[in-house]
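These are the residues of each chain, in order.
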Amino acid sequence: MHYLDNAATTRVSPAAADAARRAMMDDFGNPSSLHTLGRRAADMLEGAQKTLSGLVSQKSRVIFTSGGTEADNLALRGAIEAGARSGAHVVTTAIEHHAVLETLKTIERSGRISLTVVKPGRDGVVAAGDIVSAVRDDTILVSMMLINNETGAIQPVKEAFAAIKKNRPKCVTHTDAVQALGKVSIDCGADLTSLSGHKVHGPKGIGALIVSEGVKILPETTGGSQQYGLRAGTEAMPGIMAFEQAVKDITSGMEAKNLKIKGLSDLARAGLLGMGALVFSGPTGHIMTAALPGAPSEVLMRMLEEDLVYVSAGSACSRGRRSHVLEAMGLEARVMDSAIRISLSDDTVKEDIEAFIASFKKAAERLRLRP
Amino acid sequence: MKEIILLKCGEMVLKGLNRSRFEAKLNANIKRRLKPLGDFKLRFAQSTYFVEPADGADTDSAFEALKSVFGISTLSRAFVCEKEFAAVCACIEENFGEVLEKASSFKVEAKRADKKFPMKSPEIMSEAGAFVLERHPRLKVDVKRPEVTVYVEIRDEYAYVHCGRIEGAGGLPVGTAGRATLLISGGIDSPVAGYMMAKRGLELNAVHFFSYPYTSPQARKKVETLAELVSNYAGRMPLHCVMFTEIQEAIRDKVEPELFTLVMRRFMMRIAEKLALSSNSGALITGESLGQVASQTMEALHVTGSAATIPVFRPLIGMDKEEIVKIARKIGTFETSILPYEDCCTVFTPKHPAIHPRLERILEAEQGLDIEALEKKAIESVETII
């Protein structure tokens, strides 16, 4: 099969699976236990925290969660609650993942905050200037993703956050770096950084929030005092160890691997453009949205599936299910309704891209859409 | 004291010479419906069915199941007792004492099928009424609009006491009117059409046209679920799934967009008719209603209907959407019908469909298609789910 839906999820690597298994069957202690078995687990946990905190240059703590969504929730709600006395205004972008947008909209509906949502340009990039100018005297939190999960577009997070910190050092900055990990450096000066395990060949059900030193958030999940009292519950060691292994693997030799991926991505891009499709992809090439107007996303996806090529359908055939990201970019309906997303990983080989292009060509012909 | 289910038959009792055939069908249908629920003895006497559960039989489920059997006009759960007045009173008190205690008014209705019983019906009613009043002094008798009515039926072997009848599914027993083929889609209308015709005694089989990869597997699954829901009323209904993709693509290639839907529906009618004839079905059933969508204007219905040579039943033809939705909710298909999986891909849906088509024009358009070959292939692709 030709799996080109890595932005949705990735296959767990053998090394990560082994790490999980060891934590399940061998070193299975509870890090909070005082005996040797527990101490061993606590050491392993510390090691994992170190590995992840090494992804950013500032001193930070790492909190492991049940995934990227929980990390986002902890970051947003935690920061908003902690900043309650300083203000109630939050700035975010229109292209954030639902975990960020829905959460902020829910909090807005409760009357707890007022929300400003900044739109991107047609290229899917939110201008740093637009974010900075949306920040007010009462802004307590800014959330801006690093790489968009539909277009792959890299957002100017470092630039925007640096400017914001200059004027309002108390304003908390959060970046959802779920799709950025392993593709680019996630060291962009954010106070809070969300990560997810299953996007980098780790298992589903594990994520992390990197919290810079001095940044205050209140916990969401309460109970025991684990993880600095910020996320109660016995630490999910199997997932954590697998995640740590995955992070180590994906960040080693990152540049060379990504060069290879870029090459494959360019191959795909060329093939798509040759067929008259519109293509949106970020500089790294991992994620690409392609649209062949006239070909409904789901139908195209199913035609590709017949050739064992797996991609994401940008829009669902069912009524009212359009991508909020493409909509925010101001794309026309016929483009949005025909968008599919392919996303590559280190597992992707040339044959996958060739199969994709061949199948796409076949589908375009079948739909009578060849130029 | 034994609890049994009493079923009264409706229209069927008027059927004169055909009556035994109808009874036999209803008998068989009831037996089939109750089979998975345990052992039940069925007796038919004086226009009433007596359904007696054996030990361990699931009477509650049986009662529920019988609510959707066509041919039954009312159902009630009754208690059996000896044909002695004292026994009848004891039965009333034991089973309905609580209900009567909580009520403010009641009356007793008695029927005496056994004319040899010593008390006449009015006497039974007043004596039993007095018995109840004695035990429930706060109760009042109200013969016009009582809160609770206790029914006493004295029959040949036993007496039966029950507290009311509920409405059954009505209609005629499935199978007494023959067999027909339902064109079923994932929409609200066609399952309701199927229900309505089964209600008139038609045994059904269904045809569904899907066009993978233009339509999704979820859309097909949705139709399978709807077919199952309809069969709760219609009994066993084989579902024939026809691969319609090639025909859709041929139409798209050879016919002008305005006529897509009409030509498509004519193909569906012809294929459905072929399947109908091979299963001894004498008519087609559709969920068409006048004026709902462009393909359902009078002219459009003429165009699509002419493709069939056997009768086409359109039970919804004169109904409003709201009325149809009401039935869909009643039979439990509405929630599934509104799941958002499209039956027909936008690729094959014309932006400006012909609203007042002329048959000649469509016949001309069909000239460019190898109808026989396409239909043959489609029929060969049929997958039947029972």
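Note: the structure precedes this text.
To start, this report covers the structure provided alongside it. (Residues numbered from 1 in each chain as written. Chains lettered and ligands numbered in written order. Predicted model: local features only at pLDDT ≥ 70, side-chain atom pairs only at ≥ 80, totals over all residues. Heavy atoms only, no water.)

## A word on the overall build of chain A
Along chain A, the regular secondary structure elements total 12 helices and 13 strands. In summary, chain A has a C-alpha radius of gyration of 21 Å against a globular reference of 21 Å for 371 residues, a match within 12%. Each principal axis of the C-alpha distribution contributes one length, and for chain A these read about 65 × 50 × 35 Å. Scored against the burial criterion, the 371 residues of chain A give a buried share of 57%. With an accessible surface of roughly 15,200 Å², chain A has 53% of that area assigned to carbon and sulfur atoms. Between the averaged position of the 43 positive side-chain charges in chain A and that of its 41 negative side-chain charges there is a distance of 2 Å. (Helix = DSSP H or I, 4+ residues; strand = E, 2+ residues; numbered from the N terminus. Rg over C-alpha atoms; globule rule 2.2 N^0.38 Å. Buried < 20%, exposed > 50% of the residue type's maximum accessible area, 1.4 Å probe, protein only. Areas by Shrake-Rupley, 256 points an atom, 1.4 Å probe, with all protein chains shown as cover. Lys, Arg positive; Asp, Glu negative; His and termini not counted. Charge placed at Lys NZ, Arg CZ, Asp CG, Glu CD.)

## Description of the pattern of salt bridges
Here the structure, examined in full by the defined rule, presents 46 salt bridges over all chains. Residues Arg231 of chain A and Glu70 of chain A are paired through a salt bridge, measuring 2.7 Å at the closest nitrogen-oxygen approach. One end of the pair, Arg231 of chain A, is in the loop between β8 (207–212) and α7 (237–251); the other, Glu70 of chain A, is in helix α3 (residues 68–82), and 161 residues separate them in sequence. The two residues Arg231 of chain A and Glu70 of chain A agree in class, both being buried. For Glu366 of chain B, the salt bridge is made with Arg266 of chain B, and the minimal N-O distance between the two is 2.7 Å. Linking Glu366 of chain B in helix α12 (residues 359–366) with Arg266 of chain B in helix α8 (residues 260–278), this pair joins segments that are 100 residues apart in sequence. Look at Glu366 of chain B and you get buried, because its relative accessible area is 6%. A relative accessible area of 5% means that Arg266 of chain B is categorised as buried. The network of salt bridges with common partners includes Arg266, Arg270, Lys274, Glu366 and Glu375 of chain B. (Salt bridge = Lys/Arg side-chain N within 4 Å of Asp/Glu carboxyl O.)

## Describing the pairing of strand β11 (residues 202–210) of chain B
Residues and elements named next belong to chain B. Judged by how many residues are buried, β11 sits mostly within the fold: 8 of 9 residues are covered. Relative to β11, strand β10 (residues 178–183) runs parallel, the two being bridged by 6 bridges. Across the sheet, residue Leu182 finds its bridge partner in β11, namely Ala206. Each parallel crossover has a hand, and the one from β10 via helix α5 (residues 189–199) to β11 is right-handed. Both β11 and strand β12 (residues 239–243) contribute to a ladder of 5 bridges, which runs parallel. Considered in β12, the bridge of Ala206 is made with Leu239. Following the chain from β11 across helix α6 (residues 217–234) to the adjacent parallel β12, one finds a crossover that is right-handed. (Pairing = 2+ DSSP bridges. Right-handed = clockwise from strand over helix to strand, strands pointing away.)

## Quick word on the sheet that holds strand β12 (residues 312–313) of chain A
All names here are of chain A. The strand order across the open sheet built from 4 strands is β9-β10-β13-β12, with neighbouring strands paired in antiparallel fashion. Of all the strands in the sheet, the pair left with one neighbour each is β9 (278–281) and β12. Relative to strand β10 (residues 287–291), β9 is paired through 4 bridges, and the arrangement is antiparallel. Paired with Ser281 across the two strands is Met288, which belongs to β10. In this fold helix α8 (residues 254–274) packs onto β9, β10 and β13 (339–343), with an angle of close to 5° to the strand it touches most, β10. Lying on the sheet, helix α9 (residues 297–306) is in contact with β12 and β13; it crosses β13 at an angle near 45°. (Contact = heavy atoms within 4.5 Å. Axes fitted to C-alpha atoms, helices over the stretch in contact; angles between N-to-C directions.)

## Quick look at the nonpolar core
Among the nonpolar cores identified, the biggest contains 60 residues, and Leu52, Phe64, Ile131, Leu195 and Phe243 of chain A are the most heavily contacted of them. Ignoring any residue separated from it by four or fewer positions in sequence, one finds Phe243 of chain A in contact with Leu52, Phe64, Leu181, Leu195, Ser196, Gly197, Val200, Pro203, Ile206, Gly207 and Ala208 of chain A. (Core = buried A, V, L, I, M, F, W, Y, C linked by side-chain atoms within 4.5 Å.)

## Here we look at the interface of chain A and chain B
The interface of chain A with chain B comprises 14 residues on the first partner and 17 residues on the second. Taken together, both faces of the contact between chain A and chain B bury some 1,200 Å²; the carbon and sulfur share is 50%. Between Arg366 of chain A and Glu249 of chain B there is a salt bridge, with the nearest N and O atoms lying 2.7 Å from each other. Summed over the shared surface of chain A and chain B, the result is 7 residue pairs in polar contact (both at pLDDT 80 or more). A total of 6 residues in the side of chain A that touches chain B trace back to one element, the largest contributor, which is α9 of chain A. Residues of the side of chain A that touches chain B, tallied by class, amount to 5 nonpolar, 2 polar and 7 charged. (Buried area = accessible area lost by both parts, 1.4 Å probe. Polar contact = N/O pair within 3.5 Å; in protein donor to acceptor, adjacent residues only side chain to side chain. Nonpolar A, V, L, I, M, F, W, Y, C, P; charged D, E, K, R; others polar.)

## Some remarks on the environment of Leu26 of chain B
Residue position: Leu26 of chain B is located in helix α1 (residues 19–34). C-alpha of Leu26 of chain B to C-alpha of Gly71 of chain B: the two residues are 45 residues apart in sequence and 6.7 Å apart in space.

## What about the sheet that holds strand β4 (residues 114–118) of chain A?
Residues and elements named next belong to chain A. Reading across the sheet, the 7 strands line up as β2-β8-β7-β6-β5-β3-β4 and stay open at both edges, with mixed pairing between neighbours. Looking along the sheet, the strands with just one partner apiece sit at the ends: β2 (60–65) and β4. The average angle at which neighbouring strand axes cross in this sheet is 20°, direction not considered. Of the pairings in the sheet, the one linking strand β3 (residues 89–93) to β4 comprises 5 bridges and is parallel in character. By the bridge assignment, Val90 is partnered in β4 with Leu115.

## Let's talk about the packing of aromatic side chains
Residue and element names in this part refer to chain B. Enumeration according to the criterion identifies 10 aromatic pairs over all chains in this entry. Within the aromatic cluster, the residues linked to one another by ring pairs are Phe70, Tyr195 and Tyr233. Over the ring of Tyr151 we find Arg165; its NZ or CZ atom is 4.8 Å from the centre of that ring. (Phe/Tyr/Trp six-rings, centres within 6.5 Å; stacked < 30°, edge-to-face > 60°. Lys NZ or Arg CZ within 6 Å of the ring centre and 35° of its normal.)

## Some remarks on a nonpolar patch on the surface
Taken together, the side chains of Leu290, Met298 and Ile317 of chain B make up a nonpolar region of the molecular surface, amounting to roughly 300 Å² of accessible area. Its location among the elements puts Ile317 of chain B in the loop between β14 (312–313) and α10 (321–331). (Patch = residues over 30% accessible without salt bridge, like charges linked within 9 Å, V, L, I, M, F, W, Y side chains within 5 Å.)

## Overview of unusual backbone geometry
The omega angle of the peptide bond from Tyr212 of chain B to Pro213 of chain B is 0°, so this bond is cis rather than trans. In this model, Gln227 of chain A sits at a positive phi of 50°, which is unusual for a non-glycine residue. Relative to the helices and strands, Gln227 of chain A resides in the loop between β8 and α7. Positive phi values are uncommon outside glycine, yet Asn280 of chain B reaches one of about 55°. Mapped onto the secondary structure, Asn280 of chain B falls in the loop between α8 and β13 (283–285). Taking the relative accessible area as the measure of exposure, Asn280 of chain B reaches 64% and is therefore exposed.

## Re the layout of surface pockets
A water-sized probe rolled over the atoms picks out the places where empty space is left. Residues and elements named next belong to chain B. Within this model, the largest pocket holds a volume of roughly 1,100 Å³. Together, 43 residues line the largest pocket, and Ser185, Gly187, Arg265, Asp343 and Cys344 are the ones closest to its centre. For the lining of the largest pocket, the elements supplying multiple residues, two or more each, are α5, β11 and α8. If one sorts the elements of the lining of the largest pocket by residue count, α8 sits on top with 5 residues. A per-class count over the lining of the largest pocket returns 19 nonpolar, 16 polar and 8 charged. (1 Å grid on protein atoms, 1.4 Å probe; cavity = no way out; pocket = protein on both sides within 12 Å on 5 of 7 lines; lining within 4 Å. Points joined across faces, edges and corners; volume = space filled by probe spheres on them.)

## So, the environment of Leu4 of chain A
All names here are of chain A. Summarising the element assignment, Leu4 is placed in the loop between β1 (2–3) and α1 (14–25). It is 18 Å that separates the C-alpha atoms of Leu4 and Pro203, two residues lying 199 residues apart in sequence. Leaving out residues up to four positions away in the same chain, Leu4 has contacts with Val309, Tyr310, Val311, Arg341, Ile342, Ser343, Leu344, Thr348, Asp352, Ile353 and Phe356.

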